[in-house]
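# Notes for the structure review
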Amino acid sequence: KNVAAPATTPSQDKLLGGLLSAAFDESSCQSRYKSSLYRKPSPFPLSPYLVKKLRKYETYHKKCGPGTQRYRTAVEQLQAGRNADSSECKYVVWFPCNGLGNRMLTIASTFLYALLSGRVMLVNVPREQEGLFCEPFPATSWVLPGGFPEGNPMKLNVGAPESYVNMLKNGVIRYDTPAASLPAHVYLHVEQTRLRLSDNIFCDDDQKLLRKFTWMILKSDSYFAPALFLTPMYEKELARMFPQKEATFHHLGRYLFHPTDRVWGIVRRYYEAYLARVDEKIGFQIRIFPEKPVKFENMYDQLTRCIREQRLLPELGEPASPAANATGNDGKVKAVLIASLYSGYYDKIRGMYYENPTKTGEIVAVYQPSHEEKQEYASNEHNQKALAEIYLLSYCDKIAMSAWSTFGYVAYGFAGVKPWILLRPDWNKEVSDVACVRSTSVEPCLHSPPILGCRAKKEVDVARVKPYVRHCEDVGFGLKMF
Ligand code: GDP
């Protein structure tokens, strides 16, 4: 076939050392090659093995993806209720759950899973998520085509009879069931049910059985990539792909997610208007969770304590004092970018630096792109802004963020910057004693650790036995690679 060469081919630098494919036309999605120009170069070298693996995956996806005969055949088998004995193409279909941050973390985890288990990842894009992201794989699509016969969102829950764990429990499948006798698909429910990643699915026996299914449907609300690192059979491969485990999401995220031109327009306009020419950018992301509300005064107080203790912003001087004592910083501009659903934090911080000079003579400019007041999972426009703000935050040199927020995890993960985390108050308190702590890693936190030991039915603290995971600063029982 005669495949047209791209009109413009981006340079090696723009491809982030080979992380991004050169097969796209540069004009098809501006952010793909432009977004990284707003950041310092990544501090994490890329493994050539990962690059090879990605190019191989792209070929596989193109071969088996939507629009191919292979895809149609696989869907027909699914409809006929048969699992193919040995099919050339296997699929994992991602279903959405929760907000945008959660979704991005689970798409990245699902993609990693697809790479490890030889599956093509297709994404079920609901209306509120349409038009947010460019296609990540050249000359094909990652969007699950309409008319897919399985995966009624109402049925995808922990009790679903076609869930892997339930089929195993109910004797519908066994570890030694031959591929041809298996149901036509399996549902993998990886939700943090009661904050414990469901059952022992990250074990070799289970993974071997799961591999036999042509179709897998997956729903998750968690960054479950660390659980894949904890699965013995994937250990070696992952070590080659990610010699620095800390950069797993950093690389996967920068590979997969590229805002469409429409969202990129928001990002670019804002960045060029307010952030492009400043000396330093500091991002504050303030997230108040409905299930753990914190009073505005308390949150504001905690944020300013964090700013003071960690010296994130210059101290205020006397309003009438003459220009600062010569520190060499006179006139330098620090931009503060606030991401929050509410405008109160912005108003107060901006007011502070409007009414008072700084002791160093630095100028502090405070910006907040939007304040949506409340979270709206189902609104497309709302999600465009959320995505734009995740990107804007990710261009900051320093980031302070609310504990538990996947929105913040994605931003600092893209940036490759270790954030300061504004801790949640203890369950019986209204105010956190410690204002903020520095994260040990740029990896997101898995809020719900898997049960280690598989069939052993023993509780093991993963952080004690595996040298590359720690409990998260913000979620005591959570796990984070570093
Ligand atoms: P998490 O709940 O903090 O873990 O993050 P999610 O992204 O999964 O869900 C929160 C959702 O609320 C986001 O996707 C947005 O829709 C909205 N949201 C929360 N904080 C902000 C913010 O600072 N700016 C914007 N634009 N939206 C936000």
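Attention here is on the structure that accompanies the text. (Residues numbered from 1 in each chain as written. Predicted model: local features only at pLDDT ≥ 70, side-chain atom pairs only at ≥ 80, totals over all residues.)

Counting its secondary structure elements, the chain contains 15 helices and 12 strands. Scored against the burial criterion, the 482 residues of the chain give a buried share of 44%. Across the chain, contacts joining residues at least 24 apart in sequence account for 74% of those joining residues at least 6 apart. (Helix = DSSP H or I, 4+ residues; strand = E, 2+ residues; numbered from the N terminus. Buried ≥ 20, exposed ≤ 12 C-beta atoms within 10 Å, placed from the backbone. Contact = placed C-beta atoms within 7 Å.)

Axis angle and axis distance: for two packed helices, these are the angle between their axes and the distance between the axes, and together they describe the pair. At a minimum axis distance of 8 Å, the contact between helix α9 (residues 248-256) and helix α14 (residues 406-415) shows a crossing angle of 90 degrees. In terms of their interaxial angle, α9 and α14 are classed as roughly perpendicular. Every residue of α14 that contacts α9 at F249, H250, G253 and R254 is listed here: V410, G413 and F414. Grouping the amino acids of the contact of α9 with α14 by side-chain chemistry returns three nonpolar, three polar and one charged. (Axes fitted to C-alpha atoms, helices over the stretch in contact; angles between N-to-C directions. Parallel < 35°, antiparallel > 145°, perpendicular 65-115°, else oblique. Nonpolar A, V, L, I, M, F, W, Y, C, P; charged D, E, K, R; others polar.)

Around the ligand, the structure places 20 residues, and the nearest of them are G99, L100, G101, S405 and T406. Of all the secondary structure elements, the ones that give two or more residues to the shell around the ligand are α4 (100-117), β6 (333-340), α13 (380-393) and α14. The leading source of residues in the shell around the ligand is α13, at five residues. Looking at the shell around the ligand, you find at least three residues from each of domain 1 (35-256) and domain 2 (261-319 + 327-481). (Near = placed C-beta within 6 Å. Domains from an automatic or database assignment.)

If you walk across this open sheet you meet the six strands as β7-β6-β5-β8-β9-β10, and the pairing is mixed. This sheet does not close on itself; its edge strands, each paired only once, are β7 (363-367) and β10 (436-438). Along the sheet, successive strands turn relative to each other by an average axial angle of 20 degrees, direction set aside. Relative to strand β8 (residues 398-402), strand β5 (residues 280-286) runs parallel, the two being bridged by four bridges. Among the inter-strand pairings, F284 is bridged to a residue of β8, identified as A400. Contacts from helix α11 (residues 296-309) reach β5, β8, β9 (420-422) and β10, with the element oriented near 155 degrees to β9. Where helix α12 (residues 344-355) meets the sheet, it contacts β5, β6 and β7, and its direction lies at approximately 160 degrees from that of β7. (Pairing = 2+ DSSP bridges.)

What follows covers helix α10 (residues 261-275). In a regular helix each residue adds 1.5 Å, so 15 residues correspond to 21 Å; α10 covers 19 Å between its end C-alpha atoms and thus fits that length. Looking at the packing, one finds that the buried side of α10 touches α1 (30-34) and α13. (Expected span 1.5 Å × (residues − 1).)

At a minimum axis separation of 10 Å, α4 and α9 run at an interaxial angle of 100 degrees. In terms of axis orientation, α4 runs roughly perpendicular to α9. Each of M104, I107, A108, F111 and L112 in α4 lies in contact with α9, whose residues at this interface are F249, L252, G253 and L256. Here the contact of α4 with α9 is composed, by residue class, of eight nonpolar, one polar and no charged.

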